[in-house]
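Given next are the chains, with one letter for each unit.
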Amino acid sequence: MLRRDFLKKTGLLTTGTLFTAKQDFQNDIQPLEKNGSVLILGAGFAGLSAAYYLQKKGVKYKILEARNRAGGRVFTSIVDKETGLHTELGAEWVGASHQLLINLCDEMGLKRISHTFKGAVSLQNKYQNWQNVIKDEAWEQKFKDLMKNFERLPQKEQHKLDKLDWWRYLVENGIPEQELELRELNDSTDFGETIRNVSAFAAISEYAYSSNNNEMDYKIEGGNSELTKALTEKVGKENVLLGKKAISVNQTGKEVEVICEDGEKYTASRLICTLPAFAVSKINWKPFFPPEKLEAIKQLQYARIMKTPVLFAERFWQEEDFSMTTDRLAHFIFHTSQNQPVSKGLLTSYTIGDKAHIFSRLNPEQKIREVCQALQPAFGDMERLAEKVTGYYWGDDVFSQGAYANYDVGQWFGIREIIAKPFLKTVFAGEHIAEWQGFMEGALKTGKDAAEALVG
Ligand SMILES: Cc1cc2nc3c(=O)[nH]c(=O)nc-3n(C[C@H](O)[C@H](O)[C@H](O)COP(=O)(O)OP(=O)(O)OC[C@H]3O[C@@H](n4cnc5c(N)ncnc54)[C@H](O)[C@@H]3O)c2cc1C
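Residues numbered from 1 in each chain as written. Predicted model: local features only at pLDDT ≥ 70, side-chain atom pairs only at ≥ 80, totals over all residues.

Draft legend 1. Spotlight on the overall build of the protein chain. A count of helices and strands for the protein chain gives 18 helices and 23 strands. Computed over C-alpha atoms, the radius of gyration of the protein chain comes to 22 Å, within 12% of the 23 Å expected from 2.2 N^0.38 for 456 residues, which places it in the range of a compact globule. For the protein chain, the C-alpha atoms occupy an extent of roughly 65 × 55 × 35 Å along the three principal directions. The buried share of the protein chain, taken over its 456 residues, is 46%. (Helix = DSSP H or I, 4+ residues; strand = E, 2+ residues; numbered from the N terminus. Rg over C-alpha atoms; globule rule 2.2 N^0.38 Å. Buried ≥ 20, exposed ≤ 12 C-beta atoms within 10 Å, placed from the backbone.)

Structure follows, in structure tokens:
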């Protein structure tokens, strides 16, 4: 069952207290008048999706994007020019439940390719295939039951879950010690920070309704940025203005006026703001947000994730679907040149939270060494085959200060709705306020919803 179906079933969508973004848009925003125009801040998936919808409805729009590229946190990078080997520095997986994204890929003629991984574990330098890791069957069954029961939990109980962190929830439900260590390592890759700072409600609503592979199913052939390119073509390159960092939004007159850092001014009847919370807080809003909105925006933290692809001269790991969770700094290492048939290959280290911050401060030689030392128990010393290291630390990203929003204890029900609420002529969109929060799907959906709310 999809999360939205679940919420409908449990009545949460009709109460007006949760996931009300669309309803709020409809209630609070005046529909666009005939011949009205729309400005969109941000050319990530939320912004491009909004524009795509407006274009289909024949509405005039322009996207203002601060970077010199579209796509935002979808960021395919060519690591090796000689072979064309590429990897994702931002969004990696297309989930099997992510229907809007899948439909868009189909519409644009983009092929999805399998991107699943077998998994292995290396704890205290002891390497084991996933099948050999001793599992507690009683706990596995209990976990399945807990996820299943979640569907029937009354709303009051769900609010209580939001007051608990995911680590505490597991401990209180009797997770065995060794399972806890593994879950802490693995689940923290999903949220990008320690699971001690993740709302148990946010975690369960992800695990209870995700695909069997936990939405780690596919990627787009040629890289996920292929969808950015295709959407940009559809909405018209001339409508996607790059290098346009918005610094001020004035909603005191008849129209919305946006001033960019280069001094250029743009006006339209309505604004769709798809910026991450940090970027929203940096804009000079006239009039200013109500205090509770500003407070909510400032409370939302983003996960610190660093992806560090290492180019190896040979694919010594042999298996296409090789991946490994380790208790060393490199955290999670996986084969990111799957389905790119050249002899060289890429293993990417995916680090989170404090580990990501530490990793980001290492020099290239130190990064390669860390990755190779983590791989040592499985393959021996492979440093001699390492040719190059690249990477991106999202914790330093000037616009988002992180990879995606990290809803801490009490925040899912506490601040999300306030952040999502429209403000005068502005409708908000973006991954951080989505039902599928933290996913491309969520970004696309909120963009479409925002546009739909304006034009019906
Ligand atoms: C490391 C990492 C791993 C991820 N893994 C996955 C995954 O496996 N699967 C998945 O589905 N999703 C994943 N995601 C999440 C996914 O990338 C995001 O949910 C989605 O791309 C967010 O889109 P958005 O449009 O909401 O925001 P963004 O992509 O951030 O778009 C907002 C845009 O606004 C621009 N901007 C900021 N400030 C201004 C300003 N002042 N003026 C104008 N423009 C501005 C930014 O440059 C940006 O382009 C991952 C993300 C990261 C970083």
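Draft legend 2. Local environment of the sheet that holds strand 2 (residues 60-64). Taken together, the five strands give an open sheet; going across it, the order is 9-2-1-13-23, and neighbouring strands pair in parallel fashion. What marks the edges here is a single partner per strand, and that holds for strand 9 (240-241) and strand 23 (426-428). (Pairing = 2+ DSSP bridges.)

Draft legend 3. Region of interest: the domain arrangement of the protein chain. Entries for the protein chain in the domain assignment read domain 1 (3-72 + 223-301 + 410-455) and domain 2 (120-207). Measuring from the centre of the C-alpha atoms in domain 1 to the corresponding centre in domain 2 gives 32 Å. (Domains from an automatic or database assignment.)

Draft legend 4. Representation of the site of the ligand. Around the ligand, the structure places 40 residues, and the nearest of them are Gly 42, Gly 44, Gly 72, Ala 91 and Glu 431. Among the secondary structure elements, those contributing two or more residues to the shell around the ligand are helix 4 (45-56), strand 16 (305-312) and helix 18 (440-455). Among the elements that line the shell around the ligand, the one with the most residues is helix 18, at four residues. In terms of residue class, the shell around the ligand is made up of 21 nonpolar, ten polar and nine charged. (Near = placed C-beta within 6 Å. Nonpolar A, V, L, I, M, F, W, Y, C, P; charged D, E, K, R; others polar.)

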